[in-house]
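Listed below are the residues making up each chain.
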Amino acid sequence: MPDATGLQLLASELRESEGEEAILGTLHFRGHAKLEVDPAKIRAILAGLRARGYSSMMSVHGVDYYPHEPRLGVHYELLDMTQVDRVTVTVRVSTEAPTLDSVTPDGQDGPGWPTADHQEREIYDMFGVVFAGHPDLRRILMPEDYEGHPQRRDFPVGGEPVIFTYNEHASEGIGTVGGGAPREALR
């Protein structure tokens, strides 16, 4: 991890190359370095970090900061394998316009990050962040016709019965004995 001074130097270099507004903030806490980035500059910042040695994207995570706005976040974990150095790049978008450029495909700013492909799809599925330019943006965990995004903190918990093959024929009897199946179906 870059130390606090190294993180500030890295942020300064990125601000020089991408503009002052590109880096919204930095945080160095318990040995972990984090850059908060303007959503419009995410591809350029990641390309700049790749040029500085952070060539491996280890993971991409979705986060819900409810009740704060902008509410939805995406965290990119990058690794410099020669220095064994990690940095987290964070982007936040509002629920009214949860759109962010996909980092999966190649672009004008250089090669994409193929590692992000399925992880962006998962964030889309679970949190509702739309990744513009993604080559195959569709649900990956939930059925295509599912409404809502289950990892959002305001998503209702419970209340929806799970239909298994043993009680598929009894799905109309929701609320009956045995959680939806008639008593004789449970024997």
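Our structure is the block above this text.
Scoring rules and cut-offs
- Residues numbered from 1 in each chain as written.
- Predicted model: local features only at pLDDT ≥ 70, side-chain atom pairs only at ≥ 80, totals over all residues.
- Heavy atoms only, no water.
- Helix = DSSP H or I, 4+ residues; strand = E, 2+ residues; numbered from the N terminus.
- Buried < 20%, exposed > 50% of the residue type's maximum accessible area, 1.4 Å probe, protein only.
- Pairing = 2+ DSSP bridges.
- Axes fitted to C-alpha atoms, helices over the stretch in contact; angles between N-to-C directions.
- Contact = heavy atoms within 4.5 Å.

Caption draft 1: Quick look at unusual backbone geometry. In this structure, the amide linkage connecting Tyr-66 to the following residue, Pro-67, adopts the cis form with an omega of 10 degrees. Inspection of the secondary structure assignment puts Pro-67 in the loop between strand S3 (56-64) and strand S4 (72-80). Cis rather than trans, the peptide bond between Glu-69 and Pro-70 has omega equal to -10 degrees. Residue placement: Pro-70 occurs in the loop between S3 and S4. Its identity is not glycine, yet Arg-30 carries a phi of approximately 50 degrees, on the positive side. The residue Arg-30 is located in the loop between strand S1 (23-29) and strand S2 (32-37) in this model. Given a relative accessible area of 76%, Arg-30 falls into the exposed group. At Val-84, a residue that is not glycine, the phi angle is positive and equals roughly 50 degrees. Within the secondary structure, Val-84 is located in the loop between S4 and strand S5 (85-93).

Caption draft 2: Region of the structure containing the sheet that holds S1. Here we have 5 strands laid out as an open sheet, ordered S1-S2-S5-S4-S3, and mixed in their pairing. Of all the strands in the sheet, just S1 and S3 have a single pairing partner and so form its edges. This sheet shows a mean twist of 20 degrees between the axes of neighbouring strands, independent of strand direction. Two elements, S3 and S4, share 8 bridges in a ladder whose sense is antiparallel. Residue pairing across strands places Val-60 opposite Tyr-76, the latter belonging to S4. Contacts from helix H1 (residues 4-18) reach S1, S2 and S5, with the element oriented near 165 degrees to S1. With respect to the sheet, helix H3 (residues 116-127) is in contact with S3 and S4, its orientation differing from that of S3 by roughly 5 degrees.

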